[in-house]
Amino acid sequence: MESWLKYTDEDKRRLIFGSESASDPAKAYDKKRTVHAGIRGKGVEAEKTMSVWQGEMNAKPSFEDACVYINIPFCQTKCTYCGFFKNLSDAALIDDYTESLTGEIRSAKGSPLYSHGRVRAVYIGGGTPGTLSARQIESVLRAVNESLPLSNDCEITFETRTYQFGDDKIKACADNGVNRFSLGVQSFDTKARRAIGRVDSGEKVMEMVQKLICLKEASVSLDFIFGLPHQSVETFLSDIQTADCLGVDGMALYQLNVFEGGKMDEGIKSGRTEAVPETARQYEYHSAAHEMLTDMGYSQLSMSHWVNGTLDRSIYNRFTKSGCILHAFGAGAGGRTENYGYFIHPAVTPYNMMRAKGIKPVIGLSEKSPMSCLYEFINGQMDTGILRFDTAERLFGIDLKTVFRPLTDSWEKRGLASVGEKTMKLLPAGQFWYVNMTQALLDILEMINSRGAYEPPVDKIAAQG
Ligand code: SF4
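Residue positions are given per chain, counting from 1 as you read along its sequence in written order. Thresholds applied to this predicted model are a pLDDT of at least 70 for local features of residues and 80 or more for the giving and counting of side-chain atom pairs; totals over whole chains, interfaces and linings are not thresholded and use all residues. Only hydrogens and water are removed before side-chain values are computed, so all heavy atoms of the structure are retained for them.

Participant: Mind laying out the domain arrangement of the protein, listing which residues take part and the relevant values?
Facilitator: Frequently, the measure chosen for interface size is the accessible area that the parts lose on association. Its domain assignment divides the protein into domain 1 (3-32 + 371-449) and domain 2 (47-321). Segmentation into domains, and thus their bounds, comes from an automatic or database assignment. Here the C-alpha centroids of domain 1 and domain 2 sit 29 Å apart. Counting residues at the interface gives 20 residues for domain 1, matched by 13 residues for domain 2. Taking both sides of the interface into account, the surface hidden between domain 1 and domain 2 amounts to around 1,500 Å²; carbon and sulfur atoms contribute 60%. Two parts placed together each lose some accessible area under a 1.4 Å probe, and adding up what both lose gives the buried area. When the buried surface of domain 1 facing domain 2 is broken down by residue, Asp383, Gln431 and Phe432 rank first, second and third, together holding 45% of it. Criterion for a salt bridge: a side-chain nitrogen of Lys or Arg within 4 Å of a carboxyl oxygen of Asp or Glu. Run the count over domain 1 and domain 2 and you get one salt bridge. Put simply, lysine 321 and aspartate 383 hold a salt bridge, and the shortest N to O gap is 3.5 Å. A run of H or I in DSSP counts as a helix once it spans at least four residues, and a run of E counts as a strand once it spans at least two, with each numbered from the N terminus. Top contributing element to the side of domain 1 that touches domain 2 by residue count: helix H13 (residues 372-384), with six residues. Contacts between residues were defined by any pair of non-hydrogen atoms, one from each residue, lying within 4.5 Å.

This is the structure in structure tokens:
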């Protein structure tokens, strides 16, 4: 069962095992390797896309739970670190887009795919959903509530920045079923915020967070990034402390990705932006925050998400990490049926034109691997920090403990994981590297599956070294 080792040359071994001689967990791998762990599906030829998609839309589905992602591809300004920016906000374009989007959501009613099962979580993300006006927010949410089979306890998350997110927009969310706000704060430190292109001061952001908490209509979760310009470990911990004092329900802590050739990378290389900590130093931020939140009594919902109490359930993130059916709406959104991943046209004008003809603007499909259920299981489990070998054996008839042993032995020796009879647990150091570690497990299975033809992916996301 250790046959996969024969498919690894020196370079592949380095990607999968990392630095085997490093005793310092901060250097267990060279860099973060991919944004998310996963195995890409096989692309469907462009000329077959529409007919395959029609088949998927009309096939009799067998799933029970689904999530919904709605994309709002506009932002008021572009943040320097961002790999997801699409369009600067433009009132006329947003107006046309909202009309197309609500039409797309409403057309889901009655379709075999979209009306099946129960939608357990809706996530309105982007971009910046807060670029919509109050009236537009209301019309999107009404379309969601009136057209999709939402479960009684459906989590409806509205993601936004605080900039230009006024009382009328908050009211439109609260009056139309939003029960979770996810705010991309990144840092309360005004200097760090300005260095990444954020407009509001830290104080203004705190006021907004307080306002949303006092509303008592929705849970409030904040996203923070560690490793930003002008951010020390102390200022990062002080952000966490501030969020706790404000009384947030949850916090997600993300490692800064510096995309090679991106605005931040160029800024650092030209000296316009202060240099940011290298990957090994990001580890210090991560472990200090882990220790602090544990001491404060927070519980860990996933490798990045910490909660205080039970109001922030983060259902969308947990379900989608485990590979549940994902219905996608809006330009640039990506979804999943039982057999395919799909992508909606990312450019707003062609998207609007296709919607005007009543077409679902799917422009790309990728066929899921026959192993996708196992991959999704591993991905979901690793995100909780515990991989259950006994459950994998029961569900998939595969002895993962034996298959992965050469790698998991190495992780144990380096303090990244502890392996028991039925489970492997990620230790705090392993939690920092969990994307690389999850990707390594998937790489191994895909190498076996393809008899060595598979090449492990490398995204250029850690240009800071
Ligand atoms: S608001 Fe979000 S999506 Fe928009 S540029 Fe900033 S990070 Fe990117």
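Participant: Mind laying out the sheet that holds strand S17 (residues 417-419), listing which residues take part and the relevant values?
Facilitator: On the basis of which strands lie adjacent, the open sheet formed by three strands has the order S16-S18-S17 and antiparallel pairing. Single-partner strands in this sheet number two, and they are strand S16 (386-388) and S17. The mean inter-strand angle of the sheet, taken between neighbouring strand axes irrespective of direction, is 15°. Note: S17 against strand S18 (residues 423-426), three bridges, orientation antiparallel. Bridge assignment links valine 419 to a residue of S18, and that residue is methionine 424. Two strands are said to pair when DSSP picks up at least two bridges between them. Each axis is a line fitted through C-alpha atoms, taken for helices only over the stretch in contact, and angles between the N-to-C directions span 0 to 180 degrees.

Participant: I'd like a rundown of the pattern of salt bridges, residues and numbers included.
Facilitator: According to the stated counting rule, one finds 24 salt bridges in the structure shown. In this structure, glutamate 45 engages lysine 48 in a salt bridge whose closest nitrogen and oxygen atoms are separated by 3.5 Å. Only protein chains enter the area calculation, which uses a 1.4 Å probe; residues under 20% of their type maximum are buried, those over 50% are exposed, and those in between are partly exposed. Since its relative accessible area comes to 42%, lysine 48 is described here as partly exposed. With a shortest N-O distance of 3.9 Å, lysine 368 and glutamate 376 are connected by a salt bridge. Glutamate 376 sits in the buried class, given a relative accessible area of 16%. Several salt bridges converge on common partners, so that one network encompasses Asp65, Arg120, Asp153 and Arg313.

Participant: Break down the UniProt feature "domain: Radical SAM core" (unreviewed entry) in the protein for me, citing the residues and quoting the values.
Facilitator: UniProt positions are given in the numbering used here, feature names are shortened, and annotations may be inferred rather than shown by experiment. Residues annotated by UniProt as "domain: Radical SAM core" (unreviewed entry) correspond here to residues 60-287. Annotated as 39% helix and 23% strand, the span residues 60-287 places its first and last C-alpha atoms 47 Å apart.

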